[in-house]
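Listed below are the residues making up each chain.
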Amino acid sequence: MYNDQELFSTLHMLRNENLDVRTVTLGVNLIDCVSHDLEVFKSNIRKKITGLAKNLVETCNQVGEKYGVQVVNKRISVSPIAVAAAPFSPGQMVEVAKTLDSIAQDVNVDFIGGFSALVEKGIANGDDSLIRAIPQALAETQRMCSSVNVASTRAGINMDAVLRMAKAIKEAAALTADSDGLACAKLCVFCNIPQDVPFMAGAYLGIGEADAVVSVGVSGPGVVKAAIDRAVQAEPDMGLGRIAEVIKLTACKVTRVGELIGREVAKTLGLPFGVVDLSLAPTPTVGDSVGEIFESLGLLKMGLPGSTAALAMLNDAVKKGGAFASSHVGGLSGAFIPVSEDLNIAQAAAEGHLNIEKLEAMTSVCSVGLDMVAIPGDVSVETLAGIIADEMAIGMINSKTTATRLIPVPGKKAGDLAEFGGLLGHAEIIEVKQAAADNLFVRRAGRIPAPIHSLKN
């Protein structure tokens, strides 16, 4: 049980420190909508999603108002379309994406995820069609998000899929050149993707999930920063172990708030509750930055020596706090470091404290990977594939989720500014060494074998 002081501190987080429920995501299983007839399939998915989601936004607003907690985004995730729409051609897959986008607009959700494929061991016909469709599908829709899992600790890295995803990213960027390659901001490439992620662009409903389920994503980097600042002000010589305890307790409170909202929404909709994803997901707003937490811990700037250790401590403390607060913590649950979406991280990159190599090193201890990283538009497909493969290797070897959301900005070079707008923010384009170079390694294709699960050291 919380005492009065802890309850008041939670209220203070809500009112003054940018604590919110970042997303309530309704997961919908589409496998029972399958048909070889495209029009029948489109009708089936529209009927099912609309029936389940028609009151989602209104319910989230009502529950948020009841508890004084803002639900910032309302989203939908669906079964991997490469599975549910396996009989269809790439052109028909694009039509499915447009239908899902239209449904999202009809029920007024912010994004819909699940234009996804799981290809860590091989590419089936449905996977092939979906990957071919991704560039056009994301360029011609507003709310559709896509994710492709190309690697896992158990299967290794599918380098054929890595190379194909690099090509898809380049094509998607070219099709949206007038908006700095914006389509790529809706596309993630994963290793060890969880089945219950409520955050975009990686959200999809796993095959092992319920027919429909409500999950919640809770953020709050500003809350964690404020808690550290208060603790250090009261005890200037506080050690890192004690600071980690402060972060853990704060994460526990934040998780409880998120689960309360998620369960109330699920109950009102008559659906089961899924998970709380406690992830420190920043926004391009002052006071809502993961990068600022590093400065509160004592670093001059994120990216300087000590940053990886600080991120490891932060990520672990957040996970421990979430696990203590709820038996239903899932998704990614940790710290995100999306460059363009965090003012402080974007500034650190612009000032040269963060390069792509340092970001990659930090992803070995955070919850995602190279996220919202703008790179020069002339980067070759092979170099892009090499970056993706490196990130997948970190996840595979360390048995953790890693991902890339890379944006090669057409017509721009390192040092230029890329503008994505809204929660996606803006960032200076980061240099990629030998960006246009050839890379025979990634063109050898095949599958990098899974790591040995014994003889660990």
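All values derive from a computational prediction rather than experimental measurement. (Residues numbered from 1 in each chain as written. Predicted model: local features only at pLDDT ≥ 70, side-chain atom pairs only at ≥ 80, totals over all residues. Heavy atoms only, no water.)

## A few points about the packing of helix α8 (residues 221–234) against helix α10 (residues 290–297)
Following both chains from N to C, one finds α8 and α10 inclined at 10°, their axes separated by 8 Å at the closest point. Classified by the interaxial angle, the pair formed by α8 and α10 is roughly parallel. Contacts between α8 and α10 involve Pro221, Val224, Lys225, Ile228 and Asp229 from the first element and Val290, Glu292, Ile293, Ser296 and Leu297 from the second. Across the contact of α8 with α10, the residue classes tally to six nonpolar, one polar and three charged. (Axes fitted to C-alpha atoms, helices over the stretch in contact; angles between N-to-C directions. Helix = DSSP H or I, 4+ residues; strand = E, 2+ residues; numbered from the N terminus. Parallel < 35°, antiparallel > 145°, perpendicular 65-115°, else oblique. Contact = heavy atoms within 4.5 Å. Nonpolar A, V, L, I, M, F, W, Y, C, P; charged D, E, K, R; others polar.)

## Observations regarding the packing of helix α3 (residues 56–67) against helix α9 (residues 240–269)
Two numbers describe how α3 lies on α9: the axes approach to 10 Å, and their chain directions differ by 135°. Taken together, the axis directions place α3 and α9 in an arrangement best described as oblique. Between α3 and α9 the crossing geometry is right-handed. Contact with α3, carried on its side by Leu56, Thr59, Cys60, Val63, Lys66 and Tyr67, involves Leu260, Ile261, Glu264, Val265, Thr268 and Leu269 of α9 and no other residues of that element. When the residues that make up the contact of α3 with α9 are grouped by side-chain class, the tally is eight nonpolar, two polar and two charged. (Left-handed = near helix turned anticlockwise from the far one by under 90°.)

## So, the domain arrangement of the protein
What the domain assignment reports for the protein is domain 1 (26–191) and domain 2 (217–443). Distance between the C-alpha centres of domain 1 and domain 2: 22 Å. Listed by partner, the interface residues are 39 residues for domain 1 and 43 residues for domain 2. For the domain 1 and domain 2 pair, buried surface summed over both sides reaches about 3,300 Å², with 75% attributable to carbon and sulfur atoms. (Domains from an automatic or database assignment. Buried area = accessible area lost by both parts, 1.4 Å probe.)

## Points about the pairing of strand β8 (residues 273–278)
Taken residue by residue, a regular strand's side chains alternate between the two faces of the sheet. When you tally the buried positions in β8, you get six out of six residues, the bulk of the element. Note: strand β7 (residues 212–218) against β8, four bridges, orientation parallel. Looking at β8, one finds that Val218 is bridged to Leu278. (Buried < 20%, exposed > 50% of the residue type's maximum accessible area, 1.4 Å probe, protein only. Pairing = 2+ DSSP bridges.)

## Re the nonpolar core
Ranked by size, the top nonpolar core spans 138 residues in total, and within it Ile49, Ile76, Ile81, Phe115, Val150 and Leu314 carry the most contacts. Here this core gets 11 residues from one element, more than from any other, and that element is α9. Both domain 1 (26–191) and domain 2 (217–443) contribute no fewer than three residues apiece to this core. Ignoring sequence-local partners within four residues, the contact set of Val150 consists of Val119, Glu120, Gly156, Ile157, Asn158, Ala161, Val162, Met165, Val189, Phe190 and Met392. (Core = buried A, V, L, I, M, F, W, Y, C linked by side-chain atoms within 4.5 Å.)

## Some thoughts on unusual backbone geometry
Cis geometry is found at the peptide bond from Met200 to Ala201, where omega equals 15°. The residue Ala201 is located in the loop between β6 (187–191) and β7 in this model. Positive phi is not limited to glycine here, since Asp180 has a value of about 60°. Relative to the assigned elements, Asp180 resides in the loop between α7 (159–175) and β6. One non-glycine residue with positive phi stands out, namely Ala445, at about 60°. Locating Ala445 in the fold gives a position in the loop between α15 (440–443) and β13 (447–448). Using a relative accessible area of 32% as the deciding quantity, one classes Ala445 as partly exposed.

## Description of the confidence of the model for the protein
With 93% of its residues at a pLDDT of 70 or more, the protein has an overall mean of 87. Ranking the elements of the protein by mean pLDDT puts helix α1 (residues 4–16) last with 52 and helix α6 (residues 125–139) first with 96. (pLDDT = per-residue confidence, 0-100.)

## Notes on the packing of aromatic side chains
Applying the stated rule across the entire model yields one aromatic pair. On the basis of an interplanar angle of 55° and a centroid distance of 5.6 Å, the ring pair of Phe41 and Phe88 is categorised as tilted. Within this pair, whereas Phe41 is found in helix α2 (residues 38–53), its partner Phe88 is found in the loop between α4 (81–84) and α5 (90–106), the two being separated by 47 residues in sequence. Residue Phe41 shares its accessibility class with Phe88, and that shared class is buried. (Phe/Tyr/Trp six-rings, centres within 6.5 Å; stacked < 30°, edge-to-face > 60°.)

## Details of the pattern of salt bridges
Under the criterion given, the structure shown has 20 salt bridges. Close ionic contact of Lys48 with Asp32 constitutes a salt bridge, the shortest N to O distance being 3.0 Å. Note that Lys48 is positioned in helix α2 and Asp32 in the loop between β1 (21–28) and α2, a separation of 16 residues in sequence. The buried category is assigned to Lys48, whose relative accessible area is 14%. The exposure class assigned to Asp32 is exposed, which follows from its relative accessible area of 55%. When the shortest N-O distance is used, the salt bridge between Arg443 and Asp438 registers 2.6 Å. (Salt bridge = Lys/Arg side-chain N within 4 Å of Asp/Glu carboxyl O.)

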